[in-house]
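Descriptive analysis of the structure
Each chain, written out:
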Amino acid sequence: MNYYGMGYWVLGLAIGVSAAGALVGLACVRQSTLSITQRFRLVWLTAAAGSIGGVGTWLAVYVTLLGVGISGGEVRYDVNRMVVAMAVAAVTTLVGLLMAGRNATPGRIVGGGAVMGLGIGVMHWLALAAIRVNGSVEVNILMSLAAAGLAIAASIGLLWASSRLRAMPALAGIAVLYALAVTAMHSLGLSGVQAHVDSGVGEPNGNDLFTLFVPVFVVGTLSLAIPITAVLVAPDRTGTTRSRESVRAEAGPDAEHPDSAPQLVN
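Residues numbered from 1 in each chain as written. Predicted model: local features only at pLDDT ≥ 70, side-chain atom pairs only at ≥ 80, totals over all residues. Heavy atoms only, no water.

**Describing the overall build of the chain**
When helices and strands are tallied, the chain shows nine helices and four strands. Moving toward the C terminus, one meets the helices and strands of the chain in the order α-α-β-α-α-β-β-α-α-β-α-α-α. Looking at the chain as a whole, 43% of its 266 residues are labelled buried. Once local pairs closer than 6 in sequence are excluded, the contacts in the chain between residues at least 24 apart make up 86%. Element-wise, carbon and sulfur atoms account for 66% of the exposed surface of the chain, whose accessible area totals about 12,400 Å². (Helix = DSSP H or I, 4+ residues; strand = E, 2+ residues; numbered from the N terminus. Buried < 20%, exposed > 50% of the residue type's maximum accessible area, 1.4 Å probe, protein only. Contact = heavy atoms within 4.5 Å. Areas by Shrake-Rupley, 256 points an atom, 1.4 Å probe, with all protein chains shown as cover.)

Following this line, the structure appears as structure tokens:
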């Protein structure tokens, strides 16, 4: 199989998309730690999951698959599987973020990263299993498991960084590293795909990803505009949140729960 039939610009675009999605997601996670109520925290984490899992991971894989081709045959994709793959990536990323929690401990980070990484691994396997050619396609399960292992490591690293780092330059560096990890995961899993062309078989079922590229890419990138705008216009609650945490720490475990205190408009 030819992985970059359209040129290496596809790889560069995929890395850029992945880094942008991860950075916006990390900014949303940072903002969630400043939320006073659980409701707004869930809203921020949902936006983060969509940005990291949907754009930073799934869309980056989608873009890279644009360059996949095969000599003497046509490559198509099962769109339904691609859509399911996107949902799996976003949902498991949200579960991983929720498991890590606001005050993430090492155990919670590892557990959340394992769930998130496994979900990304399943997403990637579904994306590869969506490949259709005029013949047969085999996906090596060992390479898929190796890709899932890399996804788990990357997810644990991302959750650790999101719980420890707050400066945007540092988060930008983590986003680039995550984008490179997603690219490595995809390349590892894709290397285990074997396609066998049968000249007697007609055109494969499915859709050409390139015909859907413009609407998918536009919707995916524009979806980042909402969390970006929300982060920019959100009030700075850093001082307020730290003050409330200091009061709770001094009052001890019997202190009033923050949700029962007078709430500020977030």
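**Brief notes about the side chain of Ser-163**
Position of Ser-163 relative to the elements: it lies in helix 5 (residues 141-164). Its relative accessible area of 17% is what places Ser-163 among the buried residues.

**Here's the deal with the packing of helix 2 (residues 38-65) against helix 7 (residues 209-222)**
Direction vectors running N to C along helix 2 and helix 7 enclose 155°, while the axes themselves pass 10 Å from each other. Taken together, the axis directions place helix 2 and helix 7 in an arrangement best described as roughly antiparallel. Here helix 2 runs over helix 7; the crossing is left-handed. Counted together, Val-55, Trp-58, Leu-59, Tyr-62, Val-63 and Leu-65 of helix 2 and Leu-209, Leu-212, Phe-213, Val-216, Phe-217, Gly-220 and Thr-221 of helix 7 form the full contact between these two elements. Broken down by class, the residue content of the contact of helix 2 with helix 7 amounts to 11 nonpolar, two polar and no charged. (Axes fitted to C-alpha atoms, helices over the stretch in contact; angles between N-to-C directions. Parallel < 35°, antiparallel > 145°, perpendicular 65-115°, else oblique. Left-handed = near helix turned anticlockwise from the far one by under 90°. Nonpolar A, V, L, I, M, F, W, Y, C, P; charged D, E, K, R; others polar.)

**Digging into the pattern of salt bridges**
For the structure shown, the criterion picks out three salt bridges. For Glu-74, the salt bridge goes to Arg-76, with nearest N and O atoms at 3.4 Å. You can call Glu-74 partly exposed: its relative accessible area is 40%. For Arg-132, the salt bridge is made with Asp-78, and the minimal N-O distance between the two is 3.5 Å. A residue pair is termed long-range when its members are at least 10 positions apart, and Arg-132 in strand 2 (residues 131-133) and Asp-78 in the loop between strand 1 (75-77) and helix 3 (79-100) qualify at 54 residues. (Salt bridge = Lys/Arg side-chain N within 4 Å of Asp/Glu carboxyl O.)

**What about the environment of Leu-118?**
Looking at the secondary structure, you find Leu-118 in helix 4 (residues 106-129). Here the alpha-carbon distance between Leu-118 and Thr-93, two residues 25 residues apart in the chain, equals 9.6 Å.

**Details of the environment of Gly-192**
Tracing the sequence through the fold places Gly-192 in the loop between helix 6 (168-190) and strand 4 (193-197). Assessed through its relative accessible area of 8%, Gly-192 is described here as buried. Along the primary structure Gly-192 and Asn-140 are separated by 52 residues, whereas in three dimensions their C-alpha atoms are 4.8 Å apart. Not counting residues up to four positions away in its chain, the partners in contact with Gly-192 are Glu-138, Val-139, Asn-140 and Met-143.

**Description of the environment of Val-63**
Considering the arrangement of structural elements, one finds Val-63 in helix 2. With 53 residues separating them in the primary sequence, Val-63 and Val-10 have C-alpha atoms 6.7 Å apart. Not counting residues within four places of it along the chain, the set of residues in contact with Val-63 comprises Val-10, Leu-13, Ala-14, Phe-213 and Phe-217.

**Topic: helix 5**
Compared with an ideal rise of 1.5 Å per residue, which puts 24 residues at 34 Å, helix 5 spans 35 Å between its outermost C-alpha atoms and is within 8% of the ideal. Taken residue by residue, helix 5 has Ser-144, Ala-147, Ala-148, Ala-151, Ala-154, Ser-155, Leu-158, Leu-159, Ala-161, Ser-162 and Ser-163 as its buried positions. The secondary structure elements touched by the buried residues of helix 5 are helix 1 (9-32), helix 2, helix 3, helix 4, strand 3 (135-139) and helix 6. The opening residue of helix 5, the one whose side-chain oxygen lies 2.8 Å from the backbone nitrogen of Leu-142, is Asn-140. (Expected span 1.5 Å × (residues − 1). Polar contact = N/O pair within 3.5 Å; in protein donor to acceptor, adjacent residues only side chain to side chain.)

**Digging into the nonpolar core**
Among the nonpolar cores identified, the biggest contains 65 residues, and Tyr-62, Leu-65, Tyr-77 and Tyr-178 are the most heavily contacted of them. Counting residues per element, this core draws most heavily on helix 2, which supplies 13 residues. Not counting residues up to four positions away in its chain, the partners in contact with Tyr-77 are Leu-65, Val-68, Ala-127, Ala-130, Ile-131, Gly-206, Asn-207 and Leu-209. (Core = buried A, V, L, I, M, F, W, Y, C linked by side-chain atoms within 4.5 Å.)

**Points about a nonpolar patch on the surface**
Together, Trp-125, Ile-141, Leu-142 and Leu-145 line one region of the surface with nonpolar side chains, adding up to about 430 Å² of accessible area. The exposure class of Leu-142 is exposed, given its relative accessible area of 60%. (Patch = residues over 30% accessible without salt bridge, like charges linked within 9 Å, V, L, I, M, F, W, Y side chains within 5 Å.)

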